[in-house]
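# Residue-level structural notes
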Amino acid sequence: MYKIIFLILFVSTSLMSKELEEFYNGVKPMGMGGAFTGVAKGYDTIWYNPAGLSGMSLFNFNVFNPMAGTNLNTINFFDNMIDVAKGSNISNAIKKLAGKPFFMRAHVSPAIVISNFSIALYENYQGKINFSNFAHPDVNINLSNDFGVAGAFAFSPVDTVTFGSTIKWIKRRGAKIDLSLSQLLTTSDTELKALIDKEGEAFGFDCGLLWTLPTMKKGFKTVIGTSYTDIGNSTFKKTAKSTGAPQRIEESINAGVAISYKLKFLGEVTFAADMFHI
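If you check the backbone angles, A40 has positive phi at about 40 degrees while not being a glycine. Tracing the backbone through its elements, the reader meets A40 in the loop between α1 (27-31) and α2 (45-48). The phi dihedral of N233 falls on the positive side, at around 70 degrees, and the residue is not glycine. Its place among the elements puts N233 in the loop between β10 (220-229) and β11 (237-238).

What follows deals with the layout of surface pockets. Empty space among the atoms can be located by rolling a probe the size of a water molecule over them. The computed volume of the second largest pocket comes to approximately 540 Å³. Around the second largest pocket, the lining is made up of 29 residues, and of these V39, K41, G55, K221 and V223 lie nearest the centre. Of all elements in the fold, only β1 (3-11), β8 (161-180), β9 (199-213), β10, β12 (252-263) and β13 (267-276) reach the threshold of two or more residues within the lining of the second largest pocket. Among the elements that take part in the lining of the second largest pocket, β12 stands out by supplying 4 residues, more than any other. Split by residue class, the lining of the second largest pocket holds 10 nonpolar, 12 polar and 7 charged.

Before going further, it helps to spend a moment on the nonpolar core. Core analysis: the largest hydrophobic core is formed by 25 residues, its most contacted members being F23, Y24, V39, I46, W47 and L53. Within the residue set of this core, elements represented by two or more residues are α2, β5 (111-114), β6 (117-132) and β7 (138-158). If we ignore the near neighbours within four places in the chain, the residues touching I46 are L53, A111, S118, A120, A152 and T166.

Going through the model one piece at a time under the given rule, you end up with 6 salt bridges. Ionic pairing is found between D197 and R173, a salt bridge with its closest N-O pair at 2.6 Å. Of the two residues, D197 is situated in the loop between α6 (189-196) and β9 and R173 in strand β8; the sequence distance between them amounts to 24 residues. Exposure remark for D197: the relative accessible area of 25% places this residue in the partly exposed category. Take R173: its relative accessible area is 43%, and that puts it in the partly exposed class. One continuous salt-bridge network, built from bridges that share partners, spans K168, D206 and D230.

This part covers the pairing of strand β2 (residues 59-62). Of the two faces of β2, the one holding N60 and N62 is buried and the one holding F59 and F61 is not buried anywhere. Judged from the 4 bridges that link them, β2 and β5 form a sheet pairing that is antiparallel. Residue F59 lies in a different strand from β5, and its bridge partner there is I114.

Attention now goes to the packing of aromatic side chains. This structure, assessed with the given rule, holds 11 aromatic pairs. When the ring of F23 is compared with that of Y122, the centres are 4.9 Å apart and the planes differ by 55 degrees; the resulting orientation is tilted. Taken as a pair, F23 in the loop between β1 and α1 and Y122 in strand β6 lie far apart in primary sequence, 99 residues in all. Assigned by exposure class, F23 and Y122 land together as buried. On the numbers, 6.0 Å between centres and 80 degrees between planes, the contact of Y24 with Y48 is edge-to-face. Of this pair, Y24 sits in the loop between β1 and α1 while Y48 sits in helix α2, and the two are 24 residues apart along the sequence. Judged by relative accessible area, Y24 falls into the buried class, the value being 5%.

It is worth spelling out a nonpolar patch on the surface at this point. A surface patch of nonpolar side chains, amounting to about 670 Å² of accessible area, comprises F117, I119, L121, F147, V149, F153, F155 and F163. Within the residue set of the nonpolar patch, elements represented by two or more residues are β6 and β7. Among the elements that line the nonpolar patch, the one with the most residues is β7, at 4 residues. Within the secondary structure layout, I119 lies in strand β6.

Following the sequence through the fold, I249 ends up in the loop between β11 and β12. Look past the residues within four positions of I249 in its chain and what remains in contact with it is F23, I170, R172, D230, N233, S234 and F236.

Rules behind the numbers
- The numbering scheme is per chain: residues are counted from 1 as the chain's sequence reads.
- In keeping with the predicted nature of the model, local features appear solely for residues at pLDDT of at least 70, side-chain atom pairs appear and are counted solely at 80 or more, and the whole-chain, interface and lining totals rest on all residues.
- Computation of side-chain values covers all heavy atoms of the structure but excludes hydrogens and water.
- Numbering of helices and strands starts at the N terminus; helices are DSSP runs of H or I of at least 4 residues and strands are runs of E of at least 2.
- For each structure, a 1 Å grid was placed over the protein atoms alone; sets of points admitting a 1.4 Å probe that cannot get out are labelled cavities, open sets with protein on both sides within 12 Å along at least five of seven lines are labelled pockets, and lining residues have an atom within 4 Å of a point.
- Grid points are joined across faces, edges and corners, and a volume is the space filled by probe spheres set on the points.
- In this classification, the charged set is Asp, Glu, Lys and Arg, the nonpolar set is Ala, Val, Leu, Ile, Met, Phe, Trp, Tyr, Cys and Pro, and all remaining amino acids, among them Gly, are polar.
- Nonpolar cores are built from buried Ala, Val, Leu, Ile, Met, Phe, Trp, Tyr and Cys residues. Side-chain atoms within 4.5 Å join them into one set.
- Burial classes follow relative accessibility: with a 1.4 Å probe on protein chains only, a residue under 20% of its type's maximum area counts as buried, one over 50% as exposed, and anything between as partly exposed.
- Working rule for contacts: check all heavy atoms of both residues, and any pair within 4.5 Å makes them a contact.
- Each salt bridge in this description consists of a side-chain nitrogen of Lys or Arg and a carboxyl oxygen of Asp or Glu lying within 4 Å of one another.
- At least two bridges found by DSSP between two strands is the condition for calling them paired.
- Centre distance within 6.5 Å is the pairing criterion for rings of Phe, Tyr and Trp, where only the six-membered ring of Trp is used; planes under 30 degrees apart are then read as stacked, over 60 as edge-to-face, and the remainder as tilted.
- Surface patches are drawn from residues lacking salt bridges whose relative accessible area is over 30%; two like charges belong together within 9 Å, two nonpolar side chains (Val, Leu, Ile, Met, Phe, Trp, Tyr) within 5 Å.
- Shrake-Rupley sampling with a 1.4 Å probe provides the accessible areas, and residues are treated as covered by the protein chains on show and by no other component.

See below:
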């Protein structure tokens, strides 16, 4: 069966002034612009809305569930560094980089689903660098490596309503730091490593709901989804050998709606809309 998905993405306007970071980004949800709370299908639902586990078959196993990505700025960054190595003006190179974010991320997340219960592993590597304010250059660095284990389950008290919950343990190494360009150039490798190399462990809790609305038109299906991830913030406790703990994972309340219609020849068409960080 073919599926066509149209999406509309909403973000809370009160948080538009800062970067909205997500602990987990799946390939399918990213391809849908993040409008996944009401759709909630497949292995990614463990991290987005665990109520979606009820829609999976009796037994599923995913060996890797990989994701890797970067942006065009990162590719241009390496091109600029090659030019500098060949003798180009470093000031011009910095001017080209100013105000642009650089991003690289890769993860694997194998999972097993048995009926409405799932266990998943998670390994993520992420790097973000942003050069801002060309007059007085600042460098924002965010480097992290996450390893985690999650257990999730879902149940339906009635046919039209499903609840789900996830408990996860996360070990994170890395940190977010802000430095002026002069600080970056004068900071030794040992000092820079001490600023970034923080390690901690945290427990996180997520919950979610899916509600299938009654419909008068055959072929239509409307689902409203809500999720509350990292309830109360997932705060890392530093490990014994670490000088400090990484930044916590902020809690997030999300809501979405998915309207599906089965067409005779095209299969299922889905319209989806989400609101994040309400």
